[in-house]
Amino acid sequence: MKNSENMYRTFENDLTIINRKAASSPVEFIHETEREYRKSLVEAARFLEQRTGSIRIVMMAGPSSSGKTTTAKVLMGILREMGIHSIDVSLDDFYKTRENSPTLSDGRPDFESPDALDIPQIGRCLMDLIEHHRGDLPIFDFSTHRPSVKRRHIELPEHSVVIVEGLHALNPVITQGLPENGLLRVYLSVKQGIKEGERERISPNDVRFLRRLVRDHRFRDSSPEKTLELWPDVMAGEYKYIKPFRPIADFNINTFHSYELCVLKEPALALLKELSKHQRQNNTWLHTLEELIQKITPLPASMVPESSILKEFIG
């Protein structure tokens with residue numbers, strides 16, 4: 001089964017309508033968006049339900065800040081409601097140490113490359129889960145950028161589903177050796193930006209940048225300057241290592257949420273303003289982005305449901 005990369009659910013993305021809904025009926029607006037997003041995952045879950053026992057692994061890929069981690073957990077919840085046991089595995093736990101990572105032309109570590117992962121170990125661990133229904137998986141400590149001495153021991157009931165999420169989950173170098181008929185490939189990304197009239201003013205990549213800006217500051221102790229500095233490498237890595245594999249996905253899922261910039265507005269603006277005055281004056285993109293975000297009606301983060309993927313970015 002292959003789903004065209006152009007087949008995905010779309011959401012309201014007109015600025016005027018978003019502002020009107022946020023001002024007049026914010027609770028309904030949020031719940032409507034969340035219901036529609038969940039439908040995309042229910043479709044994938046029903047596909048899995050029909051093939052329980054044959055499809056053993058869901059490979060869930062997508063570029064940075066697409067919502068992979070939380071989407072995997074939402075899918076697990078839907079499968080649980082269907083009586084299907086599942087676990088999630090993050091490819092981030094298979095990173096190599098900094099000194100063993102590939103490097104860019106200037107000598108900096110290239111953490112966007114699939115070669116930054118311990119690919120042989122990924123294959124061994126996934127095959128253990130498929131063949132023996134158990135395994136000991138690594139846990140990566142990002143504070144030291146080294147694998148933890150602890151391991152994650154997993155015991156799987158019969159007919160369980162393993163959801164593997166990560167930037168490179170669709171890359172054939174990751175899936176080589178795994179049983180082809182036992183895989184379901186899912187590609188996540190923000191596929192819509194914000195339109196003003198007929199013109200797209202905030203692109204899908206802009207939305208992901210704002211998600212990452214807020215998330216990295218809140219959860220990864222990263223300054224807005226650092227996030228901005230890394231963004232060109234992140235984008236270059238996506239076009240080289242991630243986006244070429246969109247066409248092989250069985251399901252393409254749009255993770256854009258119509259109300260998300262209403263919620264991200266205040267923290268994102270605060271972080272953009274923290275960027276040095278020199279950077280903002282000489283970066284037309286950032287200046288324009290800041291002006292556009294100012295036009296969006298804000299909503300408090302407290303209105304976001306606990307099950308929303310947006311919690312991955314705002315907490």
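Residues numbered from 1 in each chain as written. Predicted model: local features only at pLDDT ≥ 70, side-chain atom pairs only at ≥ 80, totals over all residues. Heavy atoms only, no water.

Asks: If you had to explain the overall build of the chain to someone new, which residues and values would you point to?
Replies: Helix and strand counts for the chain stand at 11 helices and 9 strands. Taken over the C-alpha trace, the chain has a radius of gyration of 20 Å; the compact-globule value for 315 residues is 20 Å, and the two agree within 12%. The principal-axis extent of the C-alpha atoms belonging to the chain is close to 55 × 45 × 30 Å. Split into buried and exposed, the 315 residues of the chain put 54% on the buried side. Taking contacts inside the chain between residues at least 6 apart in sequence as the whole, the part at least 24 apart equals 77%. Just so you have it, the chain exposes about 14,500 Å², and 49% of that area is on carbon and sulfur atoms. For the chain, the distance from the average position of its 43 positive side-chain charges to the average position of its 45 negative side-chain charges is 1 Å. (Helix = DSSP H or I, 4+ residues; strand = E, 2+ residues; numbered from the N terminus. Rg over C-alpha atoms; globule rule 2.2 N^0.38 Å. Buried < 20%, exposed > 50% of the residue type's maximum accessible area, 1.4 Å probe, protein only. Contact = heavy atoms within 4.5 Å. Areas by Shrake-Rupley, 256 points an atom, 1.4 Å probe, with all protein chains shown as cover. Lys, Arg positive; Asp, Glu negative; His and termini not counted. Charge placed at Lys NZ, Arg CZ, Asp CG, Glu CD.)

Asks: Which residues make up unusual backbone geometry, and what values go with them?
Replies: For His145, which is not glycine, the phi torsion reads 55° and is therefore positive. By the secondary structure assignment, His145 is in the loop between β3 (134-141) and β4 (146-155). His145 gets classed as buried once you look at its relative accessible area, which sits at 11%.

Asks: Got a sec to walk through the nonpolar core? Specific residues and values, please.
Replies: Residues Ile163 and Phe209 are the most contacted members of the largest nonpolar core, which totals 63 residues. The biggest single contributor to this core is helix α2 (residues 26-50), with 9 residues. Once you skip the residues sitting within four places of it in the chain, Ile163 turns out to touch Val58, Met60, Ala72, Leu75, Met76, Leu79, Ser86, Ile87, Asp88 and Val89. Judged by nonpolar contacts, the second largest core, of 33 residues, contains Ala61, Tyr95, Ile119 and Leu178. (Core = buried A, V, L, I, M, F, W, Y, C linked by side-chain atoms within 4.5 Å.)

Asks: Give a detailed account of the packing of aromatic side chains, specifying residues and quantitative values.
Replies: Tallying each qualifying case throughout the model produces 7 aromatic pairs. Their ring planes at 75° and their centres at 5.7 Å tell us that Phe47 and Phe251 sit as a pair that is edge-to-face. Taken together, the residues span a long stretch of sequence, with Phe47 in helix α2 and Phe251 in strand β9 (residues 251-254) at a distance of 204 residues. Exposure class is identical for Phe47 and Phe251. Each is buried. When the ring of Tyr95 is compared with that of Phe140, the centres are 5.9 Å apart and the planes differ by 55°; the resulting orientation is tilted. (Phe/Tyr/Trp six-rings, centres within 6.5 Å; stacked < 30°, edge-to-face > 60°.)

Asks: Would you mind going over the packing of helix α6 (residues 204-219) against helix α8 (residues 260-274) in detail, with residue names and values included?
Replies: Direction vectors running N to C along α6 and α8 enclose 65°, while the axes themselves pass 9 Å from each other. Crossing of α6 over α8 shows left-handed handedness. Where α6 approaches α8, its residues Val207, Phe209, Leu210, Arg211, Leu213, Val214, His217 and Arg218 are matched on the opposing element by Glu260, Leu261, Leu264, Pro267, Ala268, Leu271 and Leu272. Classifying every residue of the contact of α6 with α8 gives 11 nonpolar, 1 polar and 3 charged. (Axes fitted to C-alpha atoms, helices over the stretch in contact; angles between N-to-C directions. Left-handed = near helix turned anticlockwise from the far one by under 90°. Nonpolar A, V, L, I, M, F, W, Y, C, P; charged D, E, K, R; others polar.)

Asks: So what about the pattern of salt bridges? Which residues, and what values?
Replies: This structure, assessed with the given rule, holds 20 salt bridges. For Arg208, the salt bridge goes to Glu238, with nearest N and O atoms at 2.7 Å. In this pair, Arg208 sits in helix α6 while Glu238 sits in helix α7 (residues 224-242), placing the two residues 30 residues apart along the sequence. By relative accessible area, which is 1% here, Glu238 ends up buried. (Salt bridge = Lys/Arg side-chain N within 4 Å of Asp/Glu carboxyl O.)

Asks: Explain α6 residue by residue, including any values.
Replies: The end-to-end C-alpha distance of α6, which contains 16 residues, comes to 22 Å, matching closely the 22 Å that a straight helix rising 1.5 Å per residue would cover. When we look at burial in α6, the residues that qualify are Pro204, Asp206, Val207, Arg208, Phe209, Leu210, Arg211, Arg212, Leu213, Val214, Arg215 and Asp216. On the buried face of α6, the contacting elements are β8 (199-202), α7, α8, α10 (284-294) and α11 (311-314). Just downstream of α6 lies Asp221, where phi reads positive at about 50°. (Expected span 1.5 Å × (residues − 1).)

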